[in-house]
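One-letter residues, chain by chain:
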Amino acid sequence: GNSVTQMEGPVTLSEEAFLTINCTYTATGYPSLFWYVQYPGEGLQLLLKATKADDKGSNKGFEATYRKETTSFHLEKGSVQVSDSAVYFCALKGQAGTALIFGKGTTLSVSS
Amino acid sequence: GAVVSQHPSRVICKSGTSVKIECRSLDFQATTMFWYRQFPKKSLMLMATSNEGSKATYEQGVEKDKFLINHASLTLSTLTVTSAHPEDSSFYICSASSSGDDTQYFGPGTRLTVL
């Protein structure tokens, strides 16, 4: 079945450091891929998405490229801020289904 | 656009009572709504999927008689936790999507505490 694997956290960085959060997936066909962010005490917000191979999703300085050859959708940001501290979820939506399948989430903590 | 609200944001109730949580899509028609449960430091667990006007489809292990879901209109779905017990305490999150859009938009969540 479909599944998503994220790197274990927590990830602790200093402000302005480079961020990578790894995400790999297993799916049949061509799923859509998403990154969601959850700030403390809040629900999930869509951060970015990509719907086909080689697409790059980007938002608020974050980027992720849909790599079918490596079945990956790693999240990157060149310079993190304290306000980026949150839990980040990688997710996929299979071709045939409507439900999202989430990774376990990666907690990012950025200090000044 | 694509705003989803939940009400209440926080609720505390006594064991044995029922609690209703509302999920509304404010600026789009939600043909499909999803209910998730999130445990501390855990990912989201899909509880059920509901299409407007149809019975909800529950995930394996989720008691449909305990977690009643109604999706009466294209903008409103409700989750009722019946005869709540302390182990039902959790963060419940809904999401909604419209026909032809593969993105789910999430509500802010409802923190349920059962005493």
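Everything discussed here concerns the structure shown above.
Residues numbered from 1 in each chain as written. Chains lettered and ligands numbered in written order. Predicted model: local features only at pLDDT ≥ 70, side-chain atom pairs only at ≥ 80, totals over all residues. Heavy atoms only, no water.

(A) Broad picture of the overall build of chain B. Within chain B, the secondary structure is distributed over zero helices and eleven strands. Taken from the N to the C terminus, the helices and strands of chain B come in the order β-β-β-β-β-β-β-β-β-β-β. Here the C-alpha atoms of chain B give a radius of gyration of 13 Å, agreeing with the 13 Å that 2.2 N^0.38 yields for 115 residues. Along the longest, intermediate and shortest principal axes, the C-alpha atoms of chain B span 40 × 25 × 25 Å. Burial statistics for chain B: of 115 residues in total, 50% are counted as buried. One finds the centroid of the 11 positive side-chain charges in chain B at a distance of 10 Å from the centroid of its 10 negative side-chain charges. (Helix = DSSP H or I, 4+ residues; strand = E, 2+ residues; numbered from the N terminus. Rg over C-alpha atoms; globule rule 2.2 N^0.38 Å. Buried < 20%, exposed > 50% of the residue type's maximum accessible area, 1.4 Å probe, protein only. Lys, Arg positive; Asp, Glu negative; His and termini not counted. Charge placed at Lys NZ, Arg CZ, Asp CG, Glu CD.)

(B) Examining the nonpolar core more closely. Residue and element names in this part refer to chain A. Judged by nonpolar contacts, the single largest core of 26 residues is most densely connected at Leu19, Trp35, Leu47, Leu48, Phe73, Leu75 and Tyr88. Looking at this core, the elements that each hand over two or more residues are β2 (11-14), β3 (19-21), β4 (23-26), β5 (32-38), β6 (44-50), β8 (62-65), β10 (86-93) and β12 (106-111). Of the residues forming this core, the biggest block, four residues, is contributed by β10. Each residue touching leucine 47, except ones within four places of it in the same chain, is listed here: Trp35, Tyr36, Val37, Asn59, Lys60, Phe62, Leu75 and Tyr88. (Core = buried A, V, L, I, M, F, W, Y, C linked by side-chain atoms within 4.5 Å. Contact = heavy atoms within 4.5 Å.)

(C) Seen up close, the pairing of strand β8 (residues 76-81) of chain B. All names here are of chain B. Most of β8 is tucked away: six of the six residues are buried. Burial of β8 is two-sided: the residues Leu76, Thr78 and Thr80 facing one way and the residues Ser77, Leu79 and Val81 facing the other way are all buried. Looking at chain direction, strand β3 (residues 19-25) and β8 are connected through six bridges and run antiparallel. Across the sheet, glutamate 22 pairs through a bridge with threonine 78, a residue of β8. As paired strands, strand β7 (residues 67-73) and β8 are joined by five bridges and run antiparallel to one another. Residue pairing in the sheet places isoleucine 69 in a bridge with leucine 79 of β8. (Pairing = 2+ DSSP bridges.)

By themselves, these are just geometric observations and shouldn't be taken as functional.
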